[in-house]
Amino acid sequence: MIDLRSDTVTKPSAGMLDAIMHAPVGDDVYKEDPSVNELEKRVAAMFDMDEALFFPTGTMANQAAIKLHTQPGEQLIADKYAHVYNYEGGGVSFNSGVSCKLIDGNRGMVTAAQVESSINPPDFYHSPLTSLVCLENTTNKGGGACYSLESMREISDVARAHNLGMHLDGARLWNALVATGQNPKDYSSIFDTISVCFSKGMGTPMGTVLVGKSDLMKNAIRVRKVLGGGMRQVGFMAAAALYALDNNLDLLVHDHLKAQELGNWLAASNAVKKVEPIETNIVIFEVHDEQAAMKHFESEKVIISNMGQGKLRLVTHLDYTQAQHELMKAIIKAL
Ligand SMILES: *Cc1c(COP(=O)(O)O)cnc(C)c1O
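In this text, all values refer to a predicted model and were calculated from it rather than measured experimentally.

Rules used in this analysis
- Residues numbered from 1 in each chain as written.
- Predicted model: local features only at pLDDT ≥ 70, side-chain atom pairs only at ≥ 80, totals over all residues.
- Heavy atoms only, no water.
- Buried < 20%, exposed > 50% of the residue type's maximum accessible area, 1.4 Å probe, protein only.
- Helix = DSSP H or I, 4+ residues; strand = E, 2+ residues; numbered from the N terminus.
- Pairing = 2+ DSSP bridges.
- Near = heavy atom within 4 Å.
- Polar contact = N/O pair within 3.5 Å; in protein donor to acceptor, adjacent residues only side chain to side chain.
- Areas by Shrake-Rupley, 256 points an atom, 1.4 Å probe, with all protein chains shown as cover.
- Nonpolar A, V, L, I, M, F, W, Y, C, P; charged D, E, K, R; others polar.
- Salt bridge = Lys/Arg side-chain N within 4 Å of Asp/Glu carboxyl O.
- Axes fitted to C-alpha atoms, helices over the stretch in contact; angles between N-to-C directions.
- Parallel < 35°, antiparallel > 145°, perpendicular 65-115°, else oblique.
- Left-handed = near helix turned anticlockwise from the far one by under 90°.
- Contact = heavy atoms within 4.5 Å.
- 1 Å grid on protein atoms, 1.4 Å probe; cavity = no way out; pocket = protein on both sides within 12 Å on 5 of 7 lines; lining within 4 Å.
- Points joined across faces, edges and corners; volume = space filled by probe spheres on them.

A.B. asks: What is the right way to read the pairing of strand S13 (residues 311-315) from this model?
C.D. replies: Working note: regular strand, side chains alternate between the two faces of the sheet. Counting buried positions over the 5 residues of S13 gives 4, a clear majority of the element. Relative to S13, strand S10 (residues 282-287) is paired through 5 bridges, and the arrangement is antiparallel. Looking at S13, one finds that isoleucine 282 is bridged to valine 315. Two elements, strand S12 (residues 305-308) and S13, share 3 bridges in a ladder whose sense is antiparallel. Counted as the bridge partner of glycine 308 is lysine 311 from S13.

A.B. asks: It is not clear to me how the site of the ligand should be interpreted in this structure. Could you clarify?
C.D. replies: Looking at the ligand, the residues that line it are Thr57, Gly58, Thr59, Asn62, His83, Glu88, Glu136, Asn140, Asp169, Ala171, Arg172 and Lys200. A distance of 2.7 Å separates an oxygen atom of the ligand from a polar atom in the side chain of lysine 200. Considering the ligand on its own, with 380 Å² of exposed area, one finds that the protein chains cover 83% of that surface. Considering every element that reaches the shell around the ligand, the biggest residue donor is helix H3 (residues 58-69), with 3 residues. Its residues placed into classes, the shell around the ligand shows 1 nonpolar, 6 polar and 5 charged.

A.B. asks: How do you make sense of the pattern of salt bridges when you look at a structure like this?
C.D. replies: Side-chain pairs of opposite charge can arise whenever the charged atoms involved come near each other. Tallying each qualifying case throughout the model produces 13 salt bridges. One salt bridge connects arginine 172 with aspartate 7, and the closest N-O pair in it is separated by 2.8 Å. You can see arginine 172 sitting in the loop between strand S6 (165-170) and helix H8 (173-180) and its partner aspartate 7 sitting in the loop between strand S1 (2-3) and helix H1 (14-21), a full 165 residues away along the chain. In this structure, lysine 311 engages glutamate 276 in a salt bridge whose closest nitrogen and oxygen atoms are separated by 3.0 Å. Taken together, the residues lysine 311 in strand S13 and glutamate 276 in the loop between strand S9 (272-275) and S10 connect sequence positions 35 residues apart. Since its relative accessible area comes to 25%, lysine 311 is described here as partly exposed. Through salt bridges with shared partners, a single network forms among Asp28, Lys31, Glu40 and Arg224.

A.B. asks: Just checking my understanding: could you explain the packing of H1 against helix H11 (residues 235-247) for this structure?
C.D. replies: Any two packed helices are characterised by how steeply their axes cross, that is the angle between the axes, and by the distance between the axes. Their axes nearest at 8 Å, the elements H1 and H11 cross at an angle of 135°. Considered as vectors, H1 and H11 are oriented oblique to each other. Like other packed secondary-structure pairs, H1 and H11 cross with a definite hand, here right-handed. Contacts between H1 and H11 pair Gly15, Met16, Ala19 and Ile20 from the former with Phe236, Met237, Ala239, Ala240, Tyr243 and Ala244 from the latter. Across the contact of H1 with H11, the residue classes break down as 9 nonpolar, 1 polar and no charged.

A.B. asks: Would you take a moment to explain empty space enclosed by the protein for this structure?
C.D. replies: Any space left empty among the atoms is revealed by the rolling of a water-sized probe across them. Taken as a whole, this structure holds 2 cavities of 30 Å³ or more when the rule is applied. Forming the boundary of the largest cavity are Asp79, Ala82, Val84, Gly108, Val110, Cys134, Leu135, Glu136, Tyr147 and Asp169. Broken down by element, the lining of the largest cavity gets its largest block of residues, 3 residues, from strand S5 (residues 130-136). Taken together, the residues of the lining of the largest cavity break down into 6 nonpolar, 1 polar and 3 charged. Taken together, His83, Glu136, Thr138, Asn140, Asp169, Ala171, Arg172 and Lys200 make up the full set of residues lining the second largest cavity. When the residues that make up the lining of the second largest cavity are grouped by side-chain class, the tally is 1 nonpolar, 3 polar and 4 charged.

Encoded structure:
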């Protein structure tokens, strides 16, 4: 079986399991888990942020951040593909009582001009008060596209000028950093809060860290409590994340290379209409016959995602081996 549905299907490696088994732990609800404390300190420092908090999932970290930035009745601005809008179960309205103004962006990315024109005038009391901008980097539904620092900075300048918070959904921020060579420390002048996941390309079983400025983060632990996210000896999972920072971060470049190669092979196939630009580990391509293509992959024991309207998606990851990659070449050729 070659599973290319998502980079979340990875299982902890022998080295990671060893790190988990030997992790020093304590009760993290009392903030006494040394492994969690070390991870939070390390990730905060990486992004030059004041504070960090460990969450079970990216969804919970994003939802907590949105709650920290907003009051009920307010509105956030996001791209129409945003995970916070499409794939968090309606949590924006459920948890925070907030609505979304969606921008018709490019591959999940928006521009400063689009953000500016989406802000409701604060003295026009008929409209919801705009209070937050949520960006995603890399974009998920946008096919793993990466923002440039300049473009995020321009958006942040607009947000600051209008008193809006800036949150980054960085579920795949590690991929963006590796692909662009950006310095993570540059992110602290652009965003107030950032979520970074360890359960995607980094290969851990669970865990996301929310980093941010202390004025917002001082309430994060209470919001996490309300969402049911206080965890006890979760240092076992923090140890997996620390292991991933030491060992797996540098391996993401291989996922990106393989995605690029898969894209090249797909582009050479007559069955493929179009391959979207590939910047990281996500390959979105359009086929002439969706059913036939899905059937072909299935018969070759390859599982991929069907996004509908002829669009299919492959995601490379840590457990997608070089041997599987060689096999994929022939499988795509036979498409
Ligand atoms: C995966 C993902 C998340 C978080 O997902 P969880 O499954 O809750 O960890 C958030 N945002 C984006 C863009 C994602 O791809």
